[in-house]
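# Topology and contacts: notes
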Amino acid sequence: MSRNPVKTPCVQVCFVDPKAGVCVGCFRTMEELGRWTRYTDEERAAIMAALPGREAAYRDARKA
């Protein structure tokens, strides 16, 4: 029985910005990082869809 690997946005740049509470490599929260393999495919897809917006907001906040 073959299982598909769990999709992940990880880019192997693992550093959580304590102020923002997100990984600055993939923009997941600590909770999301810890629970990633237990989320359903649908939950992971929803989180992955939110990541570009989180990244943009993070970058905008850093410019201010």
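If you're wondering where the values come from, they're calculated on a predicted model, not measured in any experiment. (Residues numbered from 1 in each chain as written. Predicted model: local features only at pLDDT ≥ 70, side-chain atom pairs only at ≥ 80, totals over all residues. Heavy atoms only, no water.)

### Focus on the overall build of the protein
The secondary structure content of the protein amounts to two helices and two strands. Helices (α) and strands (β) of the protein occur, in sequence order from the N terminus, as β-β-α-α. Reported as C-alpha extents along the three principal axes, the dimensions of the protein are approximately 50 × 20 × 15 Å. Counting all 64 residues of the protein, 23% fall into the buried class. Restricting the contact set of the protein to residue pairs at least 6 apart, pairs at least 24 apart contribute 37%. For the protein, the accessible surface area stands at approximately 5,000 Å², while carbon and sulfur atoms represent 56% of it. Here the protein contributes 11 positively and 8 negatively charged side chains, and the mean placements of these two sets differ by 4 Å. (Helix = DSSP H or I, 4+ residues; strand = E, 2+ residues; numbered from the N terminus. Buried < 20%, exposed > 50% of the residue type's maximum accessible area, 1.4 Å probe, protein only. Contact = heavy atoms within 4.5 Å. Areas by Shrake-Rupley, 256 points an atom, 1.4 Å probe, with all protein chains shown as cover. Lys, Arg positive; Asp, Glu negative; His and termini not counted. Charge placed at Lys NZ, Arg CZ, Asp CG, Glu CD.)

### Quick notes on the side chain of E32
Relative to the helices and strands, E32 is located in helix α1 (residues 30-35). Judged by its relative accessible area of 8%, E32 is buried. Apart from the residues lying within four places of it in its own chain, the contact partners of E32 are F27, Y39, I47 and R54.

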